[in-house]
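What the coordinates show
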Amino acid sequence: DAMVIQNPRYQVTQFGKPVTLSCSQTLNHNVMYWYQQKSSQAPKLLFHYYDKDFNNEADTPDNFQSRRPNTSFCFLDIRSPGLGDAAMYLCATSRDGRNSPLHFGNGTRLTVT
Amino acid sequence: AQTVTQSQPEMSVQEAETVTLSCTYDTSESDYYLFWYKQPPSRQMILVIRQEAYKQQNATENRFSVNFQKAAKSFSLKISDSQLGDAAMYFCAYIASGANNLFFGTGTRLTVIP
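Counting restarts for each chain, with residues numbered from 1 along the sequence as it is written. Working convention: letters from A go to chains and numbers from 1 go to ligands, in the order in which they are written. Per-residue local features of the predicted model are confined to residues with pLDDT of at least 70, and side-chain atom pairs are confined, for both listing and counting, to 80 or more; whole-chain, interface and lining totals are unaffected and use all residues. Based on all heavy atoms of the structure, the side-chain values leave hydrogens and waters out of the count.

1. Some points on the side chain of Gln-36 of chain A
Residue and element names in this part refer to chain A.
- What counts as a helix is a DSSP run of H or I of at least four residues, what counts as a strand is a run of E of at least two, and both are numbered from the N terminus. By the element assignment, Gln-36 lies in strand β4 (residues 31-37).
- Since its relative accessible area comes to 10%, Gln-36 is described here as buried.
- Throughout this description, a polar contact denotes any pair of N or O atoms lying within 3.5 Å of each other; where both atoms belong to protein, one of them has to be capable of donating a hydrogen while the other can accept it, and for residues adjacent in sequence the pair is counted only when both atoms sit in side chains. For Gln-36, the side chain forms a polar contact with the side chain of Tyr-89, separated by 3.0 Å. Think of it in three bands: with a 1.4 Å probe and only protein chains considered, a residue is buried below 20% of the maximum accessible area for its type, exposed above 50%, and partly exposed in between.

2. A short note on the state of the cysteines
- By definition, disulfides here are pairs of cysteine sulfur atoms that lie within 2.5 Å. Following the criterion strictly, the structure yields two disulfides over all chains and no others.
- Between the sulfur of Cys-23 of chain A and that of Cys-91 of chain A lies a disulfide, 1.9 Å long from S to S. Sign of the S-S torsion, about -70° for the bond between Cys-23 of chain A and Cys-91 of chain A, identifies this disulfide as left-handed. Of this pair, Cys-23 of chain A sits in strand β3 (residues 19-25) while Cys-91 of chain A sits in strand β9 (residues 87-94), placing them 68 residues apart in sequence.
- Under the relative-accessibility criterion, Cys-23 of chain A is labelled buried at 1%.
- Given a relative accessible area of 0%, Cys-91 of chain A falls into the buried group.
- Between the sulfur of Cys-23 of chain B and that of Cys-92 of chain B lies a disulfide, 2.0 Å long from S to S.

As structure tokens, this is what we get:
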């Protein structure tokens with residue numbers, strides 16, 4: 001089945017230790033998104049790629065970066081995680097952005113110790 | 001700025017009964033899209049239903065239907081004949097036409113009582 005896969009499901013990192021979360025898709029969608037979802041809060045868009053074009057949300061901390069080496073894969077890099085970065089990170093894809101429905105992965109829950 | 005408000009953090013419904021989840025939004029746009037997404041426990045978020053703002057007819061998908069009131073900026077989700085598998089967090093979401101940023105509400109956790 002075509003899908004969006006996030007690895008790992010659970011990630012523990014130490015304060016200040018760089019961490020990378022990964023996302024892959026078999027849908028061949030043009031757009032890939034990274035959302036941060038904290039407990040009892042709405043998912044918040046961090047950035048997205050339209051093909052190779054990177055779009056950063058204005059309030060996304062500089063600590064967060066992303067890479068999309070090809071259509072199928074997208075990575076979220078947190079350079080120096082703080083305790084406030086503990087959250088569920090959701091990867092999503094859509095065929096061409098805008099009003100196309102989003103397809104989500106299962107998410108990666110990040111814990112910072 | 002666009003905002004999406006879900007005023008019911010938690011709701012419960014008896015199996016086979018009907019429940020309505022509320023959502024309001026704020027926008028100055030005239031053309032936009034509204035969505036309801038479902039996030040079951042430990043499972044991925046999936047699309048439940050979508051509504052185009054330019055359409056007056058309310059969207060329906062089997063047991064799921066919406067009540068879209070454009071003037072009131074209200075977009076409620078009605079679940080009929082509730083099933084145990086409907087238990088999940090439900091998110092209302094908005095996107096302006098031509099935009100890429102989907103704005104989510106804070107969610108409503110639905111419990112289905114057997």
